[in-house]
Amino acid sequence: MPIYAVKTTASQERTVADMIMNREMEDIHAALAPDSLTSYVMVEADDSGIIERVLEEIPHARGIIPGESDISEVEHFLSPTPDVEGIAESDIVELIAGPFKGEKAQVQRIDEGKDQVTVELYEATVPIPVTVRGDQIRVLDSEER
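Analysis parameters
- Residues numbered from 1 in each chain as written.
- Predicted model: local features only at pLDDT ≥ 70, side-chain atom pairs only at ≥ 80, totals over all residues.
- Heavy atoms only, no water.
- UniProt positions renumbered as here; feature names shortened; annotations may be inferred.
- Pairing = 2+ DSSP bridges.
- Helix = DSSP H or I, 4+ residues; strand = E, 2+ residues; numbered from the N terminus.
- Axes fitted to C-alpha atoms, helices over the stretch in contact; angles between N-to-C directions.
- Buried < 20%, exposed > 50% of the residue type's maximum accessible area, 1.4 Å probe, protein only.
- Lys, Arg positive; Asp, Glu negative; His and termini not counted.
- Salt bridge = Lys/Arg side-chain N within 4 Å of Asp/Glu carboxyl O.
- Polar contact = N/O pair within 3.5 Å; in protein donor to acceptor, adjacent residues only side chain to side chain.
- Contact = heavy atoms within 4.5 Å.

- Per an unreviewed UniProt entry, the recorded name for the chain is Transcription elongation factor Spt5, and the organism is Halorubellus litoreus.
- What UniProt records for the chain under Function (unreviewed entry) is the sentence "Stimulates transcription elongation."
- For the chain, the Subunit (unreviewed entry) comment in UniProt is given as "Heterodimer composed of Spt4 and Spt5. Interacts with RNA polymerase (RNAP)."

Next up, the structure:
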């Protein structure tokens, strides 16, 4: 099944994908609006003509990009990246959510299976390990950089 790229207005990717799927055309099988792909929606359909007809009625859709893509070219958009990716032990991080929001800490341990990080707060008089979700921290300084 070929996949086509549809150009959209910036920040309207999800709206366009939803509107394409709401048309309930049997020749259009799926629409994907990945966060990492700005101004484009990937649409799986039997042929590009059906997409062009649907896009005429959809605001913020700018047109179809000539050519087809294969599933192998877009499958990296389908699997979510873990929040702890890019974080290493001994990195300096800032907690951006939770009860310790705004505190700086050093990464002690990373649990990729649970997407959690154990950190040790800097300003604490007694070192206390705190386990937080990977999306609750931001890397400030990394040893690997």
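Let us keep going from here.
### A look at the sheet that holds strand β5 (residues 92-95)
Strands pair in a sheet through their backbones, by hydrogen bonds, and they do so in one of two ways: parallel or antiparallel.
Then comes step 1: Strand order in the open sheet formed by five strands is β8-β7-β6-β5-β9, with antiparallel pairing between adjacent strands. Each having just a single partner strand, β8 (129-133) and β9 (137-141) make up the two edges of the open sheet. Strand-to-strand twist across the sheet, computed as the mean angle between neighbouring axes with direction ignored, equals 45°.
Then comes step 2: Where β5 meets strand β6 (residues 104-111), three bridges bridge the pair, whose relative direction is antiparallel. Considered in β6, the bridge of I92 is made with Q106.

### Focus on the side chain of E13
Then comes step 1: Tracing the sequence through the fold places E13 in helix α1 (residues 13-22).
Then comes step 2: Here E13 sits buried without a salt bridge, and the closest side chain of opposite charge, R14, lies 7.9 Å off (N-O distance).
Then comes step 3: One polar contact links the side chain of E13 to the main-chain amide nitrogen of S39, over a distance of 2.6 Å.
Then comes step 4: Once you skip the residues sitting within four places of it in the chain, E13 turns out to touch T8, A33, L37, T38, S39, Y40 and V41.

### Looking at the UniProt feature "domain: KOW" (unreviewed entry) in the chain
Then comes step 1: As annotated by UniProt and renumbered to match this structure, "domain: KOW" (unreviewed entry) occupies residues 86-113.
Then comes step 2: This span, residues 86-113, is 0% helix and 43% strand, and a straight line between its end C-alpha atoms measures 15 Å.

### Some words on the sheet that holds strand β1 (residues 3-8)
Then comes step 1: Here we have four strands laid out as an open sheet, ordered β2-β3-β1-β4, and antiparallel in their pairing. Looking at which strands have only one partner, the edges of the open sheet turn out to be β2 (28-32) and β4 (61-64). Going across the sheet, the axis of each strand differs from the next one's by a mean of 30°, ignoring polarity.
Then comes step 2: Relative to strand β3 (residues 40-45), β2 runs antiparallel, the two sharing four bridges. By the bridge assignment, A30 is partnered in β3 with E44.
Then comes step 3: Here α1 sits on the sheet in contact with β1, β2, β3 and β4, set at roughly 165° to β2.

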